[in-house]
Amino acid sequence: MRFDIIEFDRSYGTSAQLKRFSEPEIVFSGRSNVGKSSLMNKLFNRKNLARVSSVPGKTVTVNFFKGDKVNFVDLPGYGYAAVAKAERDRWGKLMESFFAEPEQISLGVHIVDARHKPTADDVTMSGWFKNSGRPFVVVANKTDKLSKTAVGENFAIIRSALELPEETPLIPFSAEKGDGRPELLGRIMEQL
Ligand code: GTP
Ligand code: MG
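Keep in mind that this is a model prediction, so the values were computed, not measured.

The rules we used
- Residues numbered from 1 in each chain as written.
- Chains lettered and ligands numbered in written order.
- Predicted model: local features only at pLDDT ≥ 70, side-chain atom pairs only at ≥ 80, totals over all residues.
- Heavy atoms only, no water.
- Axes fitted to C-alpha atoms, helices over the stretch in contact; angles between N-to-C directions.
- Helix = DSSP H or I, 4+ residues; strand = E, 2+ residues; numbered from the N terminus.
- Parallel < 35°, antiparallel > 145°, perpendicular 65-115°, else oblique.
- Left-handed = near helix turned anticlockwise from the far one by under 90°.
- Contact = heavy atoms within 4.5 Å.
- Nonpolar A, V, L, I, M, F, W, Y, C, P; charged D, E, K, R; others polar.
- Patch = residues over 30% accessible without salt bridge, like charges linked within 9 Å, V, L, I, M, F, W, Y side chains within 5 Å.
- Areas by Shrake-Rupley, 256 points an atom, 1.4 Å probe, with all protein chains shown as cover.
- Salt bridge = Lys/Arg side-chain N within 4 Å of Asp/Glu carboxyl O.
- Buried < 20%, exposed > 50% of the residue type's maximum accessible area, 1.4 Å probe, protein only.

Engineer: Tell me what's going on with the packing of helix α2 (residues 85-98) against helix α3 (residues 120-132), and back it up with residues and numbers.
Structural biologist: At their nearest, the axes of α2 and α3 sit 11 Å apart, and the two run at 20° to each other. Put simply, α2 runs roughly parallel to α3. Judged by the sense of rotation from one axis to the other, the crossing of α2 with α3 is right-handed. Together, Arg 88, Trp 91, Gly 92, Met 95 and Glu 96 of α2 and Asp 121, Met 125 and Trp 128 of α3 make up the contact between the two elements. Of the residues assigned to the contact of α2 with α3, the class counts are four nonpolar, one polar and three charged.

Engineer: Talk me through a nonpolar patch on the surface; I want residue IDs and the actual numbers.
Structural biologist: Among the surface-exposed residues, Met 1, Met 189 and Leu 192 lie close enough to one another that they form a single nonpolar patch of about 250 Å² accessible area. For Leu 192, the location among the structural elements is in the segment after α5 (181-191). Exposure remark for Leu 192: the relative accessible area of 42% places this residue in the partly exposed category.

Engineer: Quick rundown of unusual backbone geometry? Include the residues and the values.
Structural biologist: Unusually for a residue other than glycine, Asn 33 sits at a positive phi of about 80°. Position of Asn 33 among the secondary structure elements: in the loop between β2 (25-30) and α1 (36-43). Asn 33 sits in the partly exposed class, given a relative accessible area of 43%. One non-glycine residue with positive phi stands out, namely Asn 45, at about 55°. Note on placement: Asn 45 falls in the loop between α1 and β3 (62-66). Relative accessible area serves as the criterion here: at 57%, Asn 45 is assigned to the exposed category.

Everything listed here is a matter of geometry and, on its own, says nothing about what the molecule does.
Rendered as structure tokens:
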């Protein structure tokens, strides 16, 4: 897969705008500030493909990145506490229209924080992926901030909180160090 040709293509802020194309999609989602943009940059070996922010809640649109016969989709981050109800409603509507066309999705990549028990919003997001009927993986990011033992303990908690089907992989990842990159890339290639 050529990473050098991946480029930002388009973004949609409302469900009415949302348009899909025929290429298969790899769909990334996660709580605001979980490191979604950092992970995508690391995965594709690109410095600034997706914008990394110090202020959480930056990605508020559905962003499409075009690759070689594949689209990478960055869904808007969720769960940022300071977000108003109108914004939450907008997020819900975006998810509803996005997941109304699940056949486009080759693989879902749900990113959670390796350090914490999944939030109620994480559980909701997991439901969107599960109910899509499409294959998905869960990636636990920021493992560089944890000891090996803690990673293992937290993984059991994450699996049970998200009620992950046995066949759903849970991949330890560090967007900072690059840990987990080969495994995640492998899963993506497998599905394409
Ligand atoms: P929004 O788009 O704002 O919702 O955030 P995001 O999920 O895209 O997160 P982003 O990539 O902007 O990263 C948020 C913060 O976490 C930044 O300060 C990153 O440097 C940091 N970060 C991301 N991944 C890791 C990681 O694996 N390890 C560590 N230590 N920090 C990380
Ligand atoms: Mg982001």
